[in-house]
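Observations on the three-dimensional arrangement
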Amino acid sequence: MSATTDELAEGSLAQDPLIKDPLTKDLAPAMERLFDIDIVERDAPITHIEGAIPPYVRGTYYLAGPSQFEVGDQSYRHWLDGDGTATRLDFTDSGVQLTHRFVRTTKWQQELDDGRALYRTFGTSFEGDQLKRGIGLESPGNVSVFRFRDQLLAFGEQGLPFALDPQTLDTRGVHTFDGRLNHVSPLSAHPCFMENGDLLNFGVSFSPKQPSLTLYRFAEDDGSLVYRRRHPLPYPCSIHDFIISERRAIFFLSPYLLDVGAMLAGGKSVMEALSWQPERGSELLILDLENGDLITHMPAGDKYCLHLINAFDHPDPNRVTVDLFELDRPVYDQYEPLPNLFVDAPAGRPRRFVIDLERGEIVEARALDYRLCADFPAIDPRHSHRDYDDFWMLGISKTGQSGRKFFDRLERLSWQGRSSHWQAPEGTYLGGEPVFMPDPATEGRGCVICQAFHALNGEGEFLLFDAQRVENGPLARLSLDPPIPLGFHASYYPR
Ligand SMILES: [Fe+2]
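The sections below set out a description of the structure shown in this document. Keep in mind the model is a prediction, meaning the values are calculated, not measured.

Details of the overall build of the chain
Looking only at helices and strands, one finds four helices and 36 strands in the chain. What you see for the chain is a C-alpha radius of gyration of 21 Å, in line with the 23 Å of a compact globule of 495 residues. Each principal axis of the C-alpha atoms in the chain carries an extent, and together these give about 60 × 55 × 50 Å. Within the chain, buried positions represent 62% of all 495 residues. Restricting to contacts in the chain with at least 6 residues of sequence separation, those with at least 24 account for 61%. Within the chain, one finds 48 positive and 73 negative side-chain charges whose respective centroids are separated by 3 Å.

This is the structure we're talking about:
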(Lines give C-alpha, C1' and ligand atoms only; values in the text may rest on other atoms or scores of the structure.)
Protein backbone atom coordinates (compact mmCIF):
# COMPACT_ATOMS: atom_id res chain seq x y z
CA MET A 1 0.00 0.00 0.00
CA SER A 2 2.90 2.38 0.63
CA ALA A 3 3.65 2.97 -3.06
CA THR A 4 0.05 4.02 -3.58
CA THR A 5 0.00 6.39 -0.65
CA ASP A 6 3.36 7.85 -1.56
CA GLU A 7 2.00 8.59 -5.01
CA LEU A 8 -1.06 10.12 -3.42
CA ALA A 9 1.09 12.25 -1.16
CA GLU A 10 3.13 13.58 -4.00
CA GLY A 11 0.63 13.85 -6.76
CA SER A 12 -2.98 13.72 -5.83
CA LEU A 13 -3.50 16.82 -3.77
CA ALA A 14 -3.54 19.24 -6.67
CA GLN A 15 -5.42 16.78 -8.87
CA ASP A 16 -8.12 15.81 -6.47
CA PRO A 17 -11.43 17.16 -7.75
CA LEU A 18 -12.57 18.07 -4.25
CA ILE A 19 -9.61 20.39 -3.82
CA LYS A 20 -10.59 23.23 -6.07
CA ASP A 21 -8.48 26.00 -4.65
CA PRO A 22 -5.29 26.32 -6.70
CA LEU A 23 -3.60 27.79 -3.63
CA THR A 24 -4.27 24.62 -1.65
CA LYS A 25 -1.20 23.63 0.27
CA ASP A 26 -0.01 20.54 2.01
CA LEU A 27 -0.33 21.80 5.57
CA ALA A 28 0.27 18.35 7.04
CA PRO A 29 3.50 16.79 5.88
CA ALA A 30 3.41 13.01 5.56
CA MET A 31 -0.14 12.76 6.96
CA GLU A 32 -0.87 10.03 4.40
CA ARG A 33 1.10 7.74 6.72
CA LEU A 34 -1.68 8.07 9.30
CA PHE A 35 -3.82 5.84 7.11
CA ASP A 36 -1.13 3.38 6.09
CA ILE A 37 -0.28 1.81 9.44
CA ASP A 38 -0.19 -1.98 9.37
CA ILE A 39 -2.21 -3.50 12.16
CA VAL A 40 -0.11 -5.66 14.45
CA GLU A 41 -2.37 -7.27 17.03
CA ARG A 42 -0.60 -7.68 20.33
CA ASP A 43 -0.78 -8.15 24.08
CA ALA A 44 2.52 -6.94 25.47
CA PRO A 45 3.99 -4.59 28.06
CA ILE A 46 5.03 -1.12 26.97
CA THR A 47 8.78 -1.26 27.41
CA HIS A 48 9.76 2.32 26.76
CA ILE A 49 8.23 5.07 28.87
CA GLU A 50 9.74 8.54 29.06
CA GLY A 51 8.82 10.78 31.99
CA ALA A 52 6.64 9.69 34.88
CA ILE A 53 3.11 8.33 34.93
CA PRO A 54 1.36 9.84 37.98
CA PRO A 55 0.93 7.17 40.66
CA TYR A 56 -2.84 7.67 40.80
CA VAL A 57 -3.15 6.47 37.19
CA ARG A 58 -4.15 2.91 37.94
CA GLY A 59 -6.90 1.41 35.87
CA THR A 60 -7.89 0.57 32.34
CA TYR A 61 -8.06 2.82 29.32
CA TYR A 62 -9.86 1.76 26.15
CA LEU A 63 -9.76 3.30 22.69
CA ALA A 64 -11.65 2.55 19.47
CA GLY A 65 -10.77 3.69 16.01
CA PRO A 66 -10.81 2.96 12.32
CA SER A 67 -7.88 1.20 10.71
CA GLN A 68 -7.08 -0.80 7.59
CA PHE A 69 -8.28 1.56 4.87
CA GLU A 70 -8.23 -1.00 2.10
CA VAL A 71 -9.66 -4.48 1.87
CA GLY A 72 -8.46 -6.69 -0.97
CA ASP A 73 -8.08 -4.33 -3.88
CA GLN A 74 -10.78 -1.93 -2.63
CA SER A 75 -9.40 1.30 -1.20
CA TYR A 76 -11.60 3.24 1.15
CA ARG A 77 -12.35 6.88 0.67
CA HIS A 78 -13.52 8.04 4.08
CA TRP A 79 -12.01 8.07 7.59
CA LEU A 80 -15.13 6.36 8.99
CA ASP A 81 -14.73 3.42 6.58
CA GLY A 82 -11.84 1.65 8.27
CA ASP A 83 -12.41 -1.58 10.18
CA GLY A 84 -12.44 -1.06 13.91
CA THR A 85 -9.64 -1.89 16.27
CA ALA A 86 -9.85 -1.77 20.04
CA THR A 87 -6.93 -0.85 22.25
CA ARG A 88 -6.49 -1.36 25.96
CA LEU A 89 -3.88 0.10 28.26
CA ASP A 90 -3.79 -1.45 31.69
CA PHE A 91 -1.97 0.77 34.17
CA THR A 92 -0.63 -1.22 37.14
CA ASP A 93 2.06 -0.82 39.81
CA SER A 94 4.41 -2.88 37.66
CA GLY A 95 3.90 -1.14 34.34
CA VAL A 96 1.54 -0.67 31.43
CA GLN A 97 0.18 -3.54 29.36
CA LEU A 98 -0.99 -2.82 25.80
CA THR A 99 -3.59 -4.95 24.07
CA HIS A 100 -4.55 -4.16 20.49
CA ARG A 101 -7.02 -6.21 18.46
CA PHE A 102 -9.27 -6.00 15.48
CA VAL A 103 -12.92 -5.98 16.41
CA ARG A 104 -13.98 -9.18 14.67
CA THR A 105 -17.16 -7.81 13.20
CA THR A 106 -19.32 -9.70 10.73
CA LYS A 107 -17.90 -7.47 8.01
CA TRP A 108 -14.27 -8.00 9.04
CA GLN A 109 -14.62 -11.77 9.31
CA GLN A 110 -16.49 -12.30 6.03
CA GLU A 111 -14.18 -10.02 4.10
CA LEU A 112 -11.14 -11.75 5.59
CA ASP A 113 -12.56 -15.13 4.58
CA ASP A 114 -13.30 -13.90 1.05
CA GLY A 115 -10.13 -11.86 0.67
CA ARG A 116 -12.06 -8.92 -0.72
CA ALA A 117 -14.38 -6.08 0.23
CA LEU A 118 -18.02 -7.17 0.35
CA TYR A 119 -19.83 -4.39 2.19
CA ARG A 120 -20.57 -0.79 1.39
CA THR A 121 -19.12 1.53 4.00
CA PHE A 122 -19.98 5.00 5.26
CA GLY A 123 -18.09 6.76 2.48
CA THR A 124 -17.33 4.10 -0.12
CA SER A 125 -19.73 2.35 -2.47
CA PHE A 126 -18.61 -0.03 -5.18
CA GLU A 127 -20.02 -2.36 -7.81
CA GLY A 128 -21.83 -5.27 -6.17
CA ASP A 129 -21.40 -4.00 -2.62
CA GLN A 130 -23.73 -5.35 0.05
CA LEU A 131 -25.75 -3.81 2.84
CA LYS A 132 -26.70 -5.51 6.08
CA ARG A 133 -29.94 -7.33 5.27
CA GLY A 134 -30.36 -4.81 2.47
CA ILE A 135 -31.17 -1.91 4.76
CA GLY A 136 -28.10 -0.63 6.56
CA LEU A 137 -24.36 -0.73 6.92
CA GLU A 138 -22.57 -3.67 8.51
CA SER A 139 -20.97 -1.92 11.48
CA PRO A 140 -17.18 -1.76 11.38
CA GLY A 141 -17.21 -1.29 15.19
CA ASN A 142 -14.79 1.61 14.92
CA VAL A 143 -16.13 4.60 16.88
CA SER A 144 -16.23 4.00 20.64
CA VAL A 145 -15.74 1.40 23.39
CA PHE A 146 -17.49 1.38 26.76
CA ARG A 147 -17.95 -1.14 29.54
CA PHE A 148 -21.47 -2.24 30.30
CA ARG A 149 -22.00 -5.01 32.85
CA ASP A 150 -19.43 -7.75 32.06
CA GLN A 151 -18.81 -6.68 28.47
CA LEU A 152 -16.79 -4.13 26.64
CA LEU A 153 -19.00 -2.85 23.83
CA ALA A 154 -17.47 -1.62 20.56
CA PHE A 155 -19.88 0.70 18.79
CA GLY A 156 -20.01 1.86 15.18
CA GLU A 157 -22.22 4.47 13.59
CA GLN A 158 -25.86 3.29 13.58
CA GLY A 159 -25.69 -0.44 14.27
CA LEU A 160 -25.58 -2.87 17.15
CA PRO A 161 -22.31 -2.96 19.08
CA PHE A 162 -19.96 -5.92 19.26
CA ALA A 163 -19.24 -7.38 22.68
CA LEU A 164 -15.57 -7.83 23.55
CA ASP A 165 -13.86 -9.46 26.48
CA PRO A 166 -12.79 -6.48 28.63
CA GLN A 167 -9.39 -8.07 29.37
CA THR A 168 -8.35 -9.83 26.18
CA LEU A 169 -10.42 -7.77 23.70
CA ASP A 170 -11.49 -11.04 22.07
CA THR A 171 -14.72 -10.50 20.17
CA ARG A 172 -17.69 -12.38 21.61
CA GLY A 173 -20.19 -11.36 18.92
CA VAL A 174 -22.97 -8.93 18.10
CA HIS A 175 -24.54 -7.60 21.26
CA THR A 176 -28.34 -7.59 21.01
CA PHE A 177 -28.92 -6.62 24.66
CA ASP A 178 -30.17 -10.15 25.36
CA GLY A 179 -32.38 -10.14 22.28
CA ARG A 180 -34.14 -6.91 23.17
CA LEU A 181 -32.79 -5.29 20.00
CA ASN A 182 -32.70 -7.03 16.65
CA HIS A 183 -29.92 -7.11 14.10
CA VAL A 184 -31.24 -4.14 12.17
CA SER A 185 -32.14 -1.91 15.13
CA PRO A 186 -30.43 1.42 14.56
CA LEU A 187 -28.24 2.40 17.50
CA SER A 188 -25.75 5.23 17.84
CA ALA A 189 -22.07 5.02 18.70
CA HIS A 190 -22.58 7.24 21.75
CA PRO A 191 -24.24 5.63 24.74
CA CYS A 192 -24.59 7.71 27.90
CA PHE A 193 -24.44 6.27 31.39
CA MET A 194 -26.58 7.31 34.34
CA GLU A 195 -25.24 7.58 37.88
CA ASN A 196 -26.66 4.11 38.64
CA GLY A 197 -24.87 2.61 35.62
CA ASP A 198 -27.92 2.32 33.37
CA LEU A 199 -27.04 2.65 29.70
CA LEU A 200 -28.97 5.02 27.45
CA ASN A 201 -28.67 5.07 23.71
CA PHE A 202 -30.73 6.06 20.70
CA GLY A 203 -31.35 5.11 17.10
CA VAL A 204 -32.64 7.13 14.18
CA SER A 205 -35.12 5.91 11.59
CA PHE A 206 -34.55 7.88 8.38
CA SER A 207 -37.96 7.22 6.85
CA PRO A 208 -38.59 10.35 4.71
CA LYS A 209 -42.27 10.48 5.72
CA GLN A 210 -41.98 9.59 9.39
CA PRO A 211 -38.45 10.15 10.58
CA SER A 212 -38.06 9.26 14.24
CA LEU A 213 -35.68 8.83 17.10
CA THR A 214 -35.97 6.00 19.61
CA LEU A 215 -34.44 6.35 23.07
CA TYR A 216 -33.53 3.15 24.92
CA ARG A 217 -32.61 2.66 28.54
CA PHE A 218 -31.03 -0.58 29.75
CA ALA A 219 -30.63 -1.42 33.43
CA GLU A 220 -27.13 -2.00 34.74
CA ASP A 221 -28.21 -4.55 37.35
CA ASP A 222 -29.89 -7.13 35.09
CA GLY A 223 -29.51 -5.74 31.56
CA SER A 224 -33.27 -5.41 31.15
CA LEU A 225 -34.85 -2.86 28.84
CA VAL A 226 -36.29 -0.19 31.14
CA TYR A 227 -38.03 1.56 28.25
CA ARG A 228 -37.95 2.38 24.60
CA ARG A 229 -39.61 5.59 23.47
CA ARG A 230 -40.04 6.72 19.89
CA HIS A 231 -40.27 10.42 19.00
CA PRO A 232 -40.93 12.06 15.64
CA LEU A 233 -38.12 14.11 14.13
CA PRO A 234 -38.65 17.25 12.02
CA TYR A 235 -36.50 15.72 9.28
CA PRO A 236 -34.51 12.51 8.71
CA CYS A 237 -31.23 13.83 10.07
CA SER A 238 -27.90 12.36 11.01
CA ILE A 239 -27.46 12.51 14.80
CA HIS A 240 -24.15 11.26 16.08
CA ASP A 241 -24.22 12.03 19.79
CA PHE A 242 -26.42 13.12 22.68
CA ILE A 243 -25.90 14.08 26.30
CA ILE A 244 -27.66 13.61 29.61
CA SER A 245 -28.08 15.72 32.69
CA GLU A 246 -29.23 14.00 35.84
CA ARG A 247 -32.85 14.03 34.71
CA ARG A 248 -32.92 14.80 30.98
CA ALA A 249 -31.63 13.50 27.66
CA ILE A 250 -30.73 16.26 25.24
CA PHE A 251 -30.38 15.98 21.46
CA PHE A 252 -29.11 18.68 19.13
CA LEU A 253 -30.74 18.07 15.75
CA SER A 254 -28.79 19.54 12.86
CA PRO A 255 -30.38 19.76 9.38
CA TYR A 256 -27.97 17.25 7.89
CA LEU A 257 -30.44 15.07 6.06
CA LEU A 258 -30.00 11.49 4.92
CA ASP A 259 -31.80 10.50 1.73
CA VAL A 260 -32.19 6.87 2.67
CA GLY A 261 -33.77 6.03 -0.71
CA ALA A 262 -30.63 7.18 -2.50
CA MET A 263 -28.65 4.85 -0.31
CA LEU A 264 -30.91 1.80 -0.45
CA ALA A 265 -32.15 1.99 -4.03
CA GLY A 266 -29.59 4.30 -5.57
CA GLY A 267 -26.43 2.55 -4.48
CA LYS A 268 -25.02 5.64 -2.80
CA SER A 269 -22.81 5.64 0.25
CA VAL A 270 -24.14 7.28 3.41
CA MET A 271 -21.79 10.17 2.72
CA GLU A 272 -23.20 10.63 -0.77
CA ALA A 273 -26.77 10.48 0.55
CA LEU A 274 -26.26 13.24 3.15
CA SER A 275 -27.06 16.88 2.44
CA TRP A 276 -26.67 20.01 4.55
CA GLN A 277 -29.83 22.13 4.54
CA PRO A 278 -29.18 24.93 7.05
CA GLU A 279 -32.29 26.83 5.95
CA ARG A 280 -34.33 24.18 7.78
CA GLY A 281 -32.76 25.19 11.09
CA SER A 282 -31.44 23.18 14.02
CA GLU A 283 -33.45 22.05 17.03
CA LEU A 284 -32.93 21.02 20.61
CA LEU A 285 -34.99 18.02 21.68
CA ILE A 286 -35.26 17.28 25.39
CA LEU A 287 -36.58 14.04 26.85
CA ASP A 288 -37.26 12.88 30.39
CA LEU A 289 -34.73 10.26 31.51
CA GLU A 290 -37.16 8.71 33.96
CA ASN A 291 -39.56 7.47 31.30
CA GLY A 292 -38.21 8.66 27.94
CA ASP A 293 -41.13 11.04 27.40
CA LEU A 294 -40.87 14.30 25.50
CA ILE A 295 -40.32 17.38 27.68
CA THR A 296 -39.91 20.04 25.01
CA HIS A 297 -38.20 20.99 21.77
CA MET A 298 -37.22 24.34 20.32
CA PRO A 299 -35.38 26.00 17.43
CA ALA A 300 -31.65 26.32 18.05
CA GLY A 301 -30.05 28.31 15.24
CA ASP A 302 -28.66 26.82 12.06
CA LYS A 303 -25.33 25.28 12.96
CA TYR A 304 -24.05 21.72 13.19
CA CYS A 305 -23.09 19.69 16.22
CA LEU A 306 -21.19 16.42 16.12
CA HIS A 307 -20.41 16.09 19.83
CA LEU A 308 -21.85 17.50 23.01
CA ILE A 309 -19.71 18.30 26.03
CA ASN A 310 -21.85 18.11 29.17
CA ALA A 311 -25.28 19.03 30.54
CA PHE A 312 -26.55 19.80 34.01
CA ASP A 313 -29.82 20.59 35.72
CA HIS A 314 -30.21 23.80 37.71
CA PRO A 315 -31.64 24.19 41.20
CA ASP A 316 -34.56 25.81 39.34
CA PRO A 317 -36.34 22.63 38.19
CA ASN A 318 -37.26 24.24 34.86
CA ARG A 319 -33.72 24.99 33.78
CA VAL A 320 -31.00 22.92 32.20
CA THR A 321 -27.64 23.89 30.72
CA VAL A 322 -26.41 22.13 27.59
CA ASP A 323 -22.84 22.52 26.35
CA LEU A 324 -21.74 21.40 22.92
CA PHE A 325 -19.15 22.02 20.27
CA GLU A 326 -20.83 23.91 17.46
CA LEU A 327 -19.45 23.81 13.92
CA ASP A 328 -20.41 26.16 11.09
CA ARG A 329 -21.42 23.14 9.04
CA PRO A 330 -21.00 19.36 9.06
CA VAL A 331 -17.52 17.90 9.12
CA TYR A 332 -18.03 14.41 7.66
CA ASP A 333 -17.22 15.68 4.17
CA GLN A 334 -13.83 16.67 5.57
CA TYR A 335 -13.10 13.04 6.49
CA GLU A 336 -12.50 12.34 2.78
CA PRO A 337 -10.83 11.75 0.46
CA LEU A 338 -8.24 9.79 2.34
CA PRO A 339 -5.50 10.71 3.00
CA ASN A 340 -6.16 14.41 2.39
CA LEU A 341 -8.55 15.29 5.21
CA PHE A 342 -9.83 18.58 6.64
CA VAL A 343 -8.84 20.58 3.54
CA ASP A 344 -11.66 23.05 4.16
CA ALA A 345 -12.45 22.22 7.79
CA PRO A 346 -15.27 24.31 9.27
CA ALA A 347 -14.55 26.60 12.19
CA GLY A 348 -16.25 25.85 15.47
CA ARG A 349 -16.70 27.05 19.01
CA PRO A 350 -17.96 25.72 22.31
CA ARG A 351 -21.56 26.85 22.80
CA ARG A 352 -23.54 26.95 26.03
CA PHE A 353 -27.34 26.93 25.94
CA VAL A 354 -29.38 27.58 29.03
CA ILE A 355 -32.89 26.31 28.47
CA ASP A 356 -36.15 27.15 30.19
CA LEU A 357 -38.05 23.88 29.92
CA GLU A 358 -41.41 25.30 30.94
CA ARG A 359 -41.32 28.03 28.32
CA GLY A 360 -39.59 25.77 25.78
CA GLU A 361 -37.03 28.49 25.06
CA ILE A 362 -33.32 29.04 25.01
CA VAL A 363 -32.72 31.84 27.50
CA GLU A 364 -28.96 32.07 27.04
CA ALA A 365 -26.75 31.03 24.12
CA ARG A 366 -23.21 32.03 24.71
CA ALA A 367 -20.11 30.95 22.80
CA LEU A 368 -16.48 30.91 23.83
CA ASP A 369 -14.04 32.92 21.77
CA TYR A 370 -12.60 30.01 19.81
CA ARG A 371 -12.23 29.71 16.05
CA LEU A 372 -10.71 26.36 15.16
CA CYS A 373 -12.15 23.12 13.96
CA ALA A 374 -11.92 20.84 16.98
CA ASP A 375 -13.39 17.59 18.19
CA PHE A 376 -13.50 14.91 20.87
CA PRO A 377 -14.47 17.06 23.86
CA ALA A 378 -13.87 15.43 27.24
CA ILE A 379 -14.49 16.43 30.85
CA ASP A 380 -13.45 15.26 34.29
CA PRO A 381 -15.98 12.42 34.75
CA ARG A 382 -16.61 13.62 38.32
CA HIS A 383 -18.25 16.65 36.69
CA SER A 384 -20.66 14.72 34.47
CA HIS A 385 -24.19 16.10 34.90
CA ARG A 386 -22.87 18.86 37.20
CA ASP A 387 -21.91 22.49 36.89
CA TYR A 388 -18.23 22.57 35.93
CA ASP A 389 -15.66 24.71 34.20
CA ASP A 390 -12.90 22.88 32.29
CA PHE A 391 -12.92 20.63 29.26
CA TRP A 392 -10.38 19.29 26.80
CA MET A 393 -10.44 18.75 23.03
CA LEU A 394 -8.20 18.16 20.04
CA GLY A 395 -7.91 21.16 17.72
CA ILE A 396 -6.68 21.74 14.19
CA SER A 397 -4.32 24.71 14.36
CA LYS A 398 -4.45 25.48 10.64
CA THR A 399 -8.22 25.84 10.44
CA GLY A 400 -9.02 28.58 7.93
CA GLN A 401 -6.11 27.79 5.64
CA SER A 402 -6.93 25.72 2.61
CA GLY A 403 -4.99 22.47 2.52
CA ARG A 404 -4.98 19.08 4.14
CA LYS A 405 -4.43 19.20 7.86
CA PHE A 406 -5.11 17.23 11.01
CA PHE A 407 -5.51 17.49 14.78
CA ASP A 408 -2.31 18.94 16.19
CA ARG A 409 -3.30 20.80 19.37
CA LEU A 410 -4.43 19.57 22.73
CA GLU A 411 -6.78 22.22 24.04
CA ARG A 412 -7.84 23.00 27.57
CA LEU A 413 -10.74 25.43 27.66
CA SER A 414 -12.95 26.73 30.40
CA TRP A 415 -16.35 28.35 30.49
CA GLN A 416 -14.80 31.19 32.48
CA GLY A 417 -12.71 32.00 29.43
CA ARG A 418 -9.33 30.58 30.40
CA SER A 419 -7.61 28.58 27.73
CA SER A 420 -4.29 26.94 27.07
CA HIS A 421 -2.99 24.41 24.65
CA TRP A 422 -0.09 22.24 23.68
CA GLN A 423 0.99 22.50 20.07
CA ALA A 424 2.39 19.32 18.56
CA PRO A 425 5.53 19.78 16.47
CA GLU A 426 5.33 19.91 12.67
CA GLY A 427 4.56 16.45 11.27
CA THR A 428 3.12 15.15 14.57
CA TYR A 429 -0.62 14.45 14.66
CA LEU A 430 -2.88 13.79 17.61
CA GLY A 431 -5.74 11.36 17.97
CA GLY A 432 -7.96 9.70 20.50
CA GLU A 433 -10.40 11.61 22.68
CA PRO A 434 -8.31 13.22 25.46
CA VAL A 435 -10.02 11.27 28.16
CA PHE A 436 -9.57 12.45 31.76
CA MET A 437 -7.86 10.28 34.40
CA PRO A 438 -8.86 11.75 37.77
CA ASP A 439 -6.52 12.20 40.73
CA PRO A 440 -8.76 10.81 43.48
CA ALA A 441 -6.93 12.87 46.12
CA THR A 442 -7.68 16.25 44.58
CA GLU A 443 -10.93 17.51 43.19
CA GLY A 444 -10.45 18.89 39.68
CA ARG A 445 -6.94 17.48 39.23
CA GLY A 446 -5.87 14.67 36.99
CA CYS A 447 -4.30 14.03 33.66
CA VAL A 448 -5.52 13.60 30.12
CA ILE A 449 -4.25 11.02 27.68
CA CYS A 450 -4.20 11.11 23.90
CA GLN A 451 -2.26 9.58 21.05
CA ALA A 452 0.49 11.06 18.90
CA PHE A 453 1.77 9.83 15.58
CA HIS A 454 5.04 11.25 14.33
CA ALA A 455 4.46 10.93 10.62
CA LEU A 456 7.96 11.93 9.60
CA ASN A 457 9.55 8.93 11.30
CA GLY A 458 6.50 6.66 11.62
CA GLU A 459 6.61 6.42 15.44
CA GLY A 460 3.56 6.30 17.67
CA GLU A 461 3.00 7.17 21.31
CA PHE A 462 0.43 7.68 23.99
CA LEU A 463 0.93 11.00 25.79
CA LEU A 464 -0.17 11.87 29.32
CA PHE A 465 -0.53 15.53 30.28
CA ASP A 466 -1.25 17.29 33.53
CA ALA A 467 -4.83 18.26 32.71
CA GLN A 468 -4.45 21.72 34.24
CA ARG A 469 -1.10 22.42 32.54
CA VAL A 470 -1.30 20.94 29.08
CA GLU A 471 0.88 23.77 27.77
CA ASN A 472 3.84 22.26 29.65
CA GLY A 473 3.82 19.27 27.33
CA PRO A 474 3.56 15.58 28.15
CA LEU A 475 4.27 14.25 31.65
CA ALA A 476 4.86 10.83 30.18
CA ARG A 477 5.33 9.35 26.72
CA LEU A 478 4.52 5.70 26.16
CA SER A 479 6.22 4.46 23.00
CA LEU A 480 4.39 2.14 20.66
CA ASP A 481 6.47 -0.12 18.50
CA PRO A 482 4.98 -0.60 15.99
CA PRO A 483 2.51 2.31 16.05
CA ILE A 484 -1.26 1.96 16.11
CA PRO A 485 -3.66 4.12 14.09
CA LEU A 486 -5.04 7.30 15.64
CA GLY A 487 -8.40 6.50 17.16
CA PHE A 488 -11.68 8.24 17.87
CA HIS A 489 -13.26 7.80 21.31
CA ALA A 490 -11.75 6.56 24.55
CA SER A 491 -12.91 5.61 28.03
CA TYR A 492 -11.08 5.14 31.32
CA TYR A 493 -12.03 3.01 34.34
CA PRO A 494 -9.91 3.67 37.44
CA ARG A 495 -9.39 0.80 39.86
FE1 LIG B 1 -18.27 10.49 18.22
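Notes on the sheet that holds strand β36 (residues 490-494)
Taken in spatial order, the five strands of this open sheet run β2-β8-β7-β4-β36, and their pairing is antiparallel. Strands with a single pairing partner mark the edges of an open sheet, and in this sheet they are β2 (42-45) and β36. Neighbouring strand axes in the sheet, compared pairwise and without regard to direction, differ in orientation by 15 degrees on average. Relative to strand β7 (residues 83-92), strand β4 (residues 59-67) runs antiparallel, the two sharing nine bridges. Directly across from Y61, in β7, lies its bridge partner L89.

Topic: the pattern of salt bridges
Under the counting rule described, the total for this entry stands at 39 salt bridges. D178 is the salt-bridge partner of R180, the closest N and O atoms lying 3.5 Å from each other. With a relative accessible area of 56%, D178 lands in the exposed category.

A word on the sheet that holds strand β13 (residues 192-193)
Pairing within the open sheet is antiparallel, and its four strands lie in the order β13-β14-β15-β16. Strands with a single pairing partner mark the edges of an open sheet, and in this sheet they are β13 and β16 (225-232). Inspection of the sheet shows strand β14 (residues 199-205) paired to strand β15 (residues 212-218) by seven bridges, in the antiparallel sense. Within the sheet, the bridge partner assigned to N201 lies in β15 and is Y216.

Quick notes on the coordination of the iron ion
Note on metal geometry: ideal angles are 109.5 degrees for four donors arranged tetrahedrally and 90 or 180 degrees for six donors arranged octahedrally. The coordination sphere of the iron ion contains the protein donors H190 (NE2), H240 (NE2), H307 (NE2) and H489 (NE2), at a distance range of 2.0 to 2.1 Å. For the iron ion, the four donor atoms in the first shell make angles of 91 to 164 degrees at the metal, so the coordination geometry reads as irregular. All donors of the iron ion belong to a single chain; written as a sequence motif, their spacing is H-x49-H-x66-H-x181-H. Note that H307 is positioned in strand β23 (residues 304-313) and H489 in the loop between β35 (476-480) and β36, a separation of 182 residues in sequence. Under the relative-accessibility criterion, H307 is labelled buried at 3%.

Quick word on the packing of aromatic side chains
Taken as a whole, this structure holds 37 aromatic pairs when the rule is applied. Both rings, one in F35 and one in F69, keep their centres 5.4 Å apart while their planes meet at 85 degrees; by these two values the pair is edge-to-face. Taken together, the residues span a long stretch of sequence, with F35 in the loop between β1 (25-26) and β2 and F69 in the loop between β4 and β5 (70-71) at a distance of 34 residues. Of the two residues, F35 and F69, neither departs from the other in class, the shared state being buried. A cation over an aromatic ring shows up here: R352 above the ring of W415, its NZ or CZ 4.5 Å from the ring centre.

Quick look at the pairing of strand β9 (residues 144-148)
In terms of burial, β9 is largely enclosed, as four of its five residues are buried. In this structure, the hairpin formed by β9 and strand β10 (residues 151-155) is closed by a connection of two residues, where R149 is found at a positive phi of approximately 60 degrees.

Things to note about the nonpolar core
Of all hydrophobic cores here, the largest spans 104 residues; its most connected members are W79, F251, Y332, F342 and F406. With five residues, strand β28 (residues 390-396) is the largest single contributor of residues to this core. Once residues within four sequence positions are removed from consideration, W79 is found in contact with F35, P66, F69, Y335, L338, L341, F342, F406, F407 and F488. By size, the runner-up hydrophobic cluster in this structure holds 21 residues, among which are Y61, V96, L98 and L480.

Describing the pairing of strand β18 (residues 248-253)
Counting buried positions along β18 gives six out of six residues, so the element sits mostly inside the fold. Burial of β18 is two-sided: the residues R248, I250 and F252 facing one way and the residues A249, F251 and L253 facing the other way are all buried. Both strand β17 (residues 243-244) and β18 contribute to a ladder of two bridges, which runs antiparallel. Looking at β18, one finds that I243 is bridged to I250. As consecutive antiparallel partners, β17 and β18 are separated by three residues. Here β18 runs beside strand β21 (residues 283-288); their pairing, made up of six bridges, is antiparallel. For F252, the partnering residue across the bridge sits in β21 and is L284.

Looking at the environment of D222
One can find D222 in the loop between β15 and β16. Owing to a relative accessible area of 43%, D222 belongs among the partly exposed residues under this scheme. As for D222 and R149, which are separated by 73 residues in sequence, their C-alpha atoms are 8.5 Å apart. Here D222 is in contact with R149 and D178, once residues within four sequence places are set aside. Polar side-chain contacts of D222 include one of 2.8 Å to the side chain of S224.

Procedures and definitions
Residues numbered from 1 in each chain as written. Predicted model: local features only at pLDDT ≥ 70, side-chain atom pairs only at ≥ 80, totals over all residues. Heavy atoms only, no water. Helix = DSSP H or I, 4+ residues; strand = E, 2+ residues; numbered from the N terminus. Rg over C-alpha atoms; globule rule 2.2 N^0.38 Å. Buried < 20%, exposed > 50% of the residue type's maximum accessible area, 1.4 Å probe, protein only. Contact = heavy atoms within 4.5 Å. Lys, Arg positive; Asp, Glu negative; His and termini not counted. Charge placed at Lys NZ, Arg CZ, Asp CG, Glu CD. Pairing = 2+ DSSP bridges. Axes fitted to C-alpha atoms, helices over the stretch in contact; angles between N-to-C directions. Salt bridge = Lys/Arg side-chain N within 4 Å of Asp/Glu carboxyl O. Donors = N, O, S within 2.8 Å, 3.2 Å for Na, K, Ca; no water. Tetrahedral: all angles 85-135°; square planar, octahedral: opposite > 155°, others 65-115°. Phe/Tyr/Trp six-rings, centres within 6.5 Å; stacked < 30°, edge-to-face > 60°. Lys NZ or Arg CZ within 6 Å of the ring centre and 35° of its normal. Core = buried A, V, L, I, M, F, W, Y, C linked by side-chain atoms within 4.5 Å. Polar contact = N/O pair within 3.5 Å; in protein donor to acceptor, adjacent residues only side chain to side chain.

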